[in-house]
Amino acid sequence: MPELVYPPVITAAKTMFRVLDLRLTVEGKHHVPRTGGAVLASNHVSYLDFIFCGYGAHESRRLVRFMAKHEVFAHKISGPLMRAMKHIPVNRRAGAGSYNAAVDALRSGEIVGVFPEATISRSFTVKDLKNGAARMAQEAGVPLLPVALWGTQRLWTKGRPRTLTRRHTPITIIVGEPIDPAAYPDANAMSAELKTRLTALVDRAQREYPDSPAGPDDAWWQPAHLGGTAPTLEEAAALDRPARRTPAA
């Protein structure tokens, strides 16, 4: 079946990159296989991460089918687009169906994109990972590729206003070496290896990033361990924790 929607969406995204003069750096794009299935597992710091993670596969001429929450597919505008691009809805109340759809896509030779932290990391460091990405790679017998993104949080992230017209922003995309599922006894061991590699790639992207905060008021996008004012992992966890309701007197 021809791809009628995804290519124009990619063209629109690339046009946006040029208009905003985003300073894109893509490393490791040769790791994305030109044929066959693979899982791209990315860190998550921005609502726009799927655009840039997918761009990491552009050189290999691959279209990435992202797993995204069901609510996005229910929206009257984004829903038809997501379905036309063959992305995979995730219904957390019926997770088995989403998982099986992703494994089927991998077995049919598709590349599936996953954010194994499940939510945006307010600390901008790698949180604990769900093991679904590793499980899918093992069950489908396909490589698992860690992808580090950095700079995307400056455009739009959790708890901050959107700055989608921000110009000249450096964006770093690093595709790591593939992880062979056959080398790991179970999904938990493979997921632990993914976190180790992903953390190292994100740390390198942060330390080699060409921009620094302009001052204290601009340090929100820098992680605390590098001198920024982003919350620590513990502080971020507290911010994400649902507020407890106070019993009525």
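Please refer to the structure placed before this passage.
So, here's what we can say about the structure. The structure displayed is predicted, hence computed values, not measured ones.

### Side note on the packing of helix α5 (residues 95-107) against helix α6 (residues 132-140)
Then step 1. The interhelical angle for the contact between α5 and α6, taken along N-to-C directions, is 45°, at an axis separation of 9 Å. The angle between the axes of α5 and α6 places the two elements in the oblique class. Pair α5 / α6 crosses with right-handed handedness. Across from Y99, A102, V103, L106 and R107 in α5, the residues of α6 making contact are G132, R135, M136, E139 and A140.
Then step 2. Looking at the contact of α5 with α6, its residues break down into six nonpolar, one polar and three charged.

### Section: the side chain of D218
Then step 1. Locating D218 in the fold gives a position in the loop between α7 (187-207) and α8 (233-240).
Then step 2. Of the side chains with opposite charge, R154 comes closest to the buried, unpaired D218, at an N-O distance of 4.6 Å.
Then step 3. Within polar-contact distance, the side chain of D218 engages the backbone nitrogen of A214 at 2.9 Å.
Then step 4. In contact with D218, not counting residues within four places along its chain, are S212 and P213.

### Some words on unusual backbone geometry
Then step 1. In this model, R61 sits at a positive phi of 60°, which is unusual for a non-glycine residue.
Then step 2. By the element assignment, R61 lies in the loop between α2 (49-55) and β3 (64-69).
Then step 3. Given a relative accessible area of 74%, R61 falls into the exposed group.
Then step 4. Phi at A118 takes a positive value of approximately 80°, unusual for a residue other than glycine.
Then step 5. The residue A118 is located in the loop between β5 (111-114) and α6 in this model.

### Observations regarding the nonpolar core
Then step 1. Within the largest apolar cluster, 38 residues are counted, with the highest numbers of intra-cluster contacts made by V39, V112, M136 and L144.
Then step 2. A total of seven residues in this core trace back to one element, the largest contributor, which is α7.
Then step 3. C53, V147, L149 and V175 belong to the second largest nonpolar core, which has 24 residues in total.

### Some words on the packing of aromatic side chains
Then step 1. Under the defined criterion, the tally for this structure stands at eight aromatic pairs.
Then step 2. A centroid spacing of 6.3 Å and a plane angle of 80° characterise the contact between F50 and F66, whose relative ring orientation is edge-to-face. Here F50 is found in helix α2, whereas its partner F66 is found in strand β3, with 16 residues between them in sequence.
Then step 3. Judged by its relative accessible area of 38%, F50 is partly exposed.
Then step 4. Seen from their ring centres, Y209 and W221 are 5.6 Å apart, and the 70° between their planes marks the pair as edge-to-face. Residue Y209 is found in the loop between α7 and α8, and its partner W221 is found in the loop between α7 and α8; the two are separated by twelve residues along the sequence.

### Observations concerning α5
Then step 1. Spanning 13 residues, α5 covers 19 Å between terminal C-alpha atoms, matching the ideal 18 Å at 1.5 Å per step.
Then step 2. Close packing links the buried residues of α5 with β2 (38-42), β3, β4 (88-90), β5 and α6.
Then step 3. Just beyond α5, the residue with positive phi is G109, at close to 100°.

### So, the side chain of Q153
Then step 1. Summarising the element assignment, Q153 is placed in the loop between β6 (144-150) and β7 (170-175).
Then step 2. On the accessibility criterion, Q153 (1% relative accessible area) is buried.
Then step 3. Polar side-chain contacts of Q153 include one of 3.2 Å to the backbone oxygen of W221.
Then step 4. The residues contacting Q153, other than those within four sequence positions of it, are V45, S46, F124, W220 and W221.

About the cut-offs
- Residues numbered from 1 in each chain as written.
- Predicted model: local features only at pLDDT ≥ 70, side-chain atom pairs only at ≥ 80, totals over all residues.
- Heavy atoms only, no water.
- Axes fitted to C-alpha atoms, helices over the stretch in contact; angles between N-to-C directions.
- Helix = DSSP H or I, 4+ residues; strand = E, 2+ residues; numbered from the N terminus.
- Parallel < 35°, antiparallel > 145°, perpendicular 65-115°, else oblique.
- Left-handed = near helix turned anticlockwise from the far one by under 90°.
- Contact = heavy atoms within 4.5 Å.
- Nonpolar A, V, L, I, M, F, W, Y, C, P; charged D, E, K, R; others polar.
- Buried < 20%, exposed > 50% of the residue type's maximum accessible area, 1.4 Å probe, protein only.
- Lys, Arg positive; Asp, Glu negative; His and termini not counted.
- Salt bridge = Lys/Arg side-chain N within 4 Å of Asp/Glu carboxyl O.
- Polar contact = N/O pair within 3.5 Å; in protein donor to acceptor, adjacent residues only side chain to side chain.
- Core = buried A, V, L, I, M, F, W, Y, C linked by side-chain atoms within 4.5 Å.
- Phe/Tyr/Trp six-rings, centres within 6.5 Å; stacked < 30°, edge-to-face > 60°.
- Expected span 1.5 Å × (residues − 1).

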